[in-house]
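# Architecture and fold: a report
Single-letter residue listing:
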Amino acid sequence: MKRKTVALLLLLALLLLVVLRLQIFFEDSHFHEEFRILYHLDPARLSSVDYSGEFLNSAPQPFLYKWLTQAMVTLGLDLEQYHRWLGACCYLLFLSGIGVGAIRLGILPAVATTGFAAAQVTFVEQISSATPHAFAFPLLAWMLVSLVHDRPLFGAALTILAGLLYAPVAPAMGLMYAGHVLLLRKALGAGGLMTWGHLCCLVGTGIVALILVAHQIQPLEGYGPLLVPGERVLEFPENGPNGRYAPSVFEPIDHVVSMALGQFHPAVPAPLALALFLSAGVLSAVGLLSLRSSPSIFFPVMLFIIPSLLLFVTVLALRPFISYRFALYPLFTVTPLLFVAGLQQTLFRSEQFRALPMAASAAVGLIFLASLGAAKTHQVSSLLTIGNSERAVLDFLRGIPTDSLIVAWPNQVMPSFIPYATGRALLVDMKAHYPNYEYHLLEMRARMFDLIDAYFATSPYQLSTLSCRWGADYLLLDQASLGESRDSLEYFAPFDARIREKRQDSAGQQRVLANVPGPSVVFKTGRYSLISLEYFSTKYGCGPVDAPRVEPLDSINATGQPAVDSRPTTP
């Protein structure tokens, strides 16, 4: 009776927690920051002047992911609503997979495992993105189900599905499936038609998965030589640790650990968060050891963990800049099951807690759930907030010509959302500003240098350049980012040096954008102004727009004076 009561209370708490989590997916004022990179999948949001969209659209996408998106758009579903529903469905698939995978431990542990997974904000952050990596956790959760419940054909189907939806998890899942057939099923030593069927299925799955993964890693044509992260950093600072890439690229292990620690509620003191993190790790280790008494669960779990770790170590040695995902996704997926197994082993079978095992386990579980920020108010760092002023700007931009080109500071929240929300192109889109191809890097560098010059311009001719050289139509200005005491304009290397130089040069002078001519402002609301660049090119002329556009960074850093670079800037 006690077990049923505790199970019912846990189930109610789980349902409440899941409802609170799902509300995050559908809050109108919040958007996942990764939404901004997905607009290119909708042809209606692309235009002939959208260089960034063309670049993003040329990158290979997982076949099924792209087909699903295009099918939904063709059927008339709004892209934003589709991405919200896609994330919510993937989240429910993940939680259901976690629960089914843990059911072998019992009903109560399965509910607790699902609740512990639902409390962790990392799963919400990754899955609500609606990008291909939103499928990583659901695919791996159900792969664990195929191992624990001994369904090798299901594992084969999941491996192929991974190649169609999110290729980076396909190699690990392929190794898990191979281990399932060769080690758990012992196909090589069994003989018979069934054995040959499993082996043929294994080979066929491997070939299909390799083809799908190979499709994803094909280099793009027309954008110059491929640059590996960290390569030629002196020449291309964008490609180094201070450049465009996130910390996960150059510090993968630190990134995984910080993601685990970052899940705790902001109100939890750092020492307590660290203690809880270490306790969860110890309990997970105890849980793994406790599973040895249940070989039908232990060996499948080990078959899930070992290939993941081997693949992570291999990739870390060969290509460290993509290695974090090979540890993040599998280890985070299996940890809830191991944690609950460890909790069960420690509290249910310990002499100290034998008298009140349910109360003890519930108390410990609640501490972790509360600390992990189970409340809806816990801030998901990847969510962006769009307020009324921002919506007014976006609504206005939907009414301008579709082939308009807009200049906006690329790492500000609302401007970076323009292509996704309105289908109007940006001169510099940060979501497309990756330094992985040399000519693309130079093109984006040239655009960003002119953008910086315009924002710090003390002469109107520098704004004319945006219209005459790039064909830009409007400049979106956030008034909050101007002024000597509140200048918040910044960007990654090498543009930080350019910003410092221009800020110093314009100090004590009147910047054009600090006092724009009234006739040039075509729309204004709150802190945002939309400025016509045609006004400046018409009134002040274009000047020498054919001058070389790209400057080598060694000259800028050494002397502070720009020099000419003759390298090509267009693919």
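Residues numbered from 1 in each chain as written. Predicted model: local features only at pLDDT ≥ 70, side-chain atom pairs only at ≥ 80, totals over all residues. Heavy atoms only, no water.

### Some remarks on the overall build of the chain
We apply this condition: Under the DSSP-based scheme used, a helix requires at least four consecutive residues in state H or I and a strand at least two consecutive residues in state E, with every element numbered from the N terminus. In this analysis, two residues are considered to be in contact whenever any of their non-hydrogen atoms come within 4.5 Å of each other. Per-residue and other accessible areas follow the Shrake-Rupley method at a 1.4 Å probe size, with only the shown protein chains counted as cover for residues.
Regarding its fold elements, the chain presents 24 helices and 7 strands. If you take every contact in the chain between residues at least 6 apart in sequence, the share linking residues at least 24 apart comes to 73%. Accessible surface, the chain as shown: approximately 24600 Å² in total, 64% of it carbon and sulfur.

### Quick notes on the environment of E534
Checked against the element boundaries, E534 lands in helix α23 (residues 533-540). In sequence terms E534 and L463 are 71 residues apart; their C-alpha atoms lie 9.3 Å from each other. The residues touching E534, leaving out its near neighbours within four places in the chain, are S467 and D473.

### Overview of the sheet that holds strand β5 (residues 474-478)
For clarity, the threshold we go by: Here, any two strands with at least 2 DSSP bridges between them count as paired.
Strands sit in the order β4-β3-β5-β7-β6 across an open sheet of 5 strands; the sheet is mixed. Two strands bound the open sheet, and with one partner strand each, they are β4 (425-426) and β6 (521-525). Sheet analysis places strand β3 (residues 405-407) next to β5, joined by 2 bridges and oriented parallel. Paired with I406 across the two strands is Y474, which belongs to β5.

### What about unusual backbone geometry?
Cis geometry marks the peptide bond from A493 to P494; its omega dihedral reads 5°. Inspection of the secondary structure assignment puts P494 in the loop between β5 and α22 (495-506). Positive phi, close to 65°, is recorded for A130, a residue that is not glycine. Turning to its location among the elements, A130 is positioned in the loop between α6 (121-127) and α7 (136-148).

### Some words on the pattern of salt bridges
Opposite charge on two side chains permits them to pair, given that their charged atoms come into close proximity. Going by this rule: For this analysis, a salt bridge means a side-chain nitrogen from Lys or Arg found within 4 Å of a carboxyl oxygen belonging to Asp or Glu. Classification of residues uses two cut-offs on accessible area relative to the type maximum, computed with a 1.4 Å probe and protein chains only: under 20% is buried, over 50% is exposed, and between them is partly exposed.
In the structure shown here, the tally under the stated rule is 15 salt bridges. The residue R45 makes a salt bridge to D42 at a minimum N-O spacing of 2.5 Å. With relative accessibility at 14%, the residue R45 sits in the buried group. Members of the salt-bridge network, linked through shared partners, are E33, E34, R36 and K431.

### Considering a nonpolar patch on the surface
To keep it simple, the criterion reads: Patch definition: residues above 30% relative accessible area lacking any salt bridge, with like charges linked at up to 9 Å and the nonpolar side chains Val, Leu, Ile, Met, Phe, Trp and Tyr linked at up to 5 Å.
On the surface, a cluster of nonpolar side chains totalling about 480 Å² of accessible area is made up of L8, L9, L11, L12 and L15. Relative to the assigned elements, L12 resides in helix α1 (residues 2-26).

### Notes on the packing of aromatic side chains
Condition: Side-chain rings of Phe, Tyr and Trp, where Trp is taken by its six-membered ring, are said to pair if the distance between their centres is within 6.5 Å; with planes under 30 degrees apart they count as stacked, over 60 as edge-to-face, and otherwise as tilted. Criterion for a charge above a ring: Lys NZ or Arg CZ within 6 Å of the ring centre, and within 35 degrees of the ring normal.
In the structure shown here, the tally under the stated rule is 29 aromatic pairs. Taking 5.6 Å as the distance between ring centres and 50° as the angle between the ring planes, the aromatic pair formed by Y491 and F495 counts as tilted. This pair shows no difference in class: Y491 is buried, exactly as F495 is. Three or more aromatic residues link up through ring pairs in this structure, and these residues are F94, F123, F137, Y166, Y329 and F332. Sitting above the plane of the Y420 ring, R45 keeps its charged end 5.7 Å from the centroid.

### Here's the deal with the packing of α7 against helix α15 (residues 295-318)
Describing two packed helices takes the angle between their axes plus the distance from one axis to the other. Convention followed: Angles here are taken between N-to-C directions and fall from 0 to 180 degrees, while the axes themselves are lines fitted to C-alpha atoms, restricted in helices to the stretch in contact. Any angle that is under 35 degrees is reported as roughly parallel, and any over 145 degrees as roughly antiparallel; angles of 65 to 115 degrees are reported as roughly perpendicular and all others as oblique. In this scheme, a crossing is called left-handed if the near helix is turned counterclockwise away from the far one by less than a right angle; it is called right-handed if the turn is clockwise. In this classification, the charged set is Asp, Glu, Lys and Arg, the nonpolar set is Ala, Val, Leu, Ile, Met, Phe, Trp, Tyr, Cys and Pro, and all remaining amino acids, among them Gly, are polar.
Relative orientation of the contacting elements α7 and α15 amounts to 140°, with a least axis distance of 8 Å. Relative to α15, the element α7 is oriented oblique. Note that α7 runs across α15; the crossing there is right-handed. Where α7 approaches α15, its residues L140, L144, L147 and V148 are matched on the opposing element by S296, P300, L303 and F304. In terms of residue class, the contact of α7 with α15 is made up of 7 nonpolar, 1 polar and no charged.

### A few points about the confidence of the model for the chain
Put simply, the test is: Note: pLDDT gives the predictor's confidence per residue, expressed from 0 to 100.
Residues of the chain with pLDDT of at least 70 account for 86%, and the chain-wide mean is 84. When mean pLDDT is taken per element in the chain, α7 scores highest with 97 and helix α24 (residues 553-559) scores lowest with 37. Taken together, the stretch residues 374-378 has pLDDT below 50 and engages in 15 contacts with residues farther than four places along the chain or on a different chain.

### Some points on the state of the cysteines
What counts here: Cysteine sulfur atoms are paired as a disulfide whenever they come within 2.5 Å of each other.
Per the stated rule, a full pass over the model turns up 1 disulfide. Bridging C468 to C542, the disulfide has an S-S length of 1.9 Å. Measuring handedness by torsion sign, the sulfur bridge of C468 and C542 sits at about -75° and is left-handed. Placement of the pair is C468 in helix α21 (residues 461-470) and C542 in the loop between α23 and α24, with a sequence separation of 74 residues. With no disulfide of its own, C90 has C89 as its nearest cysteine by sulfur position, at a separation of 7.1 Å. Owing to a relative accessible area of 2%, C90 belongs among the buried residues under this scheme. You can see C201 has no disulfide; the closest cysteine sulfur is in C200, sitting 8.8 Å from it. Residue C201 is classed as partly exposed on the basis of its relative accessible area, which comes to 24%.

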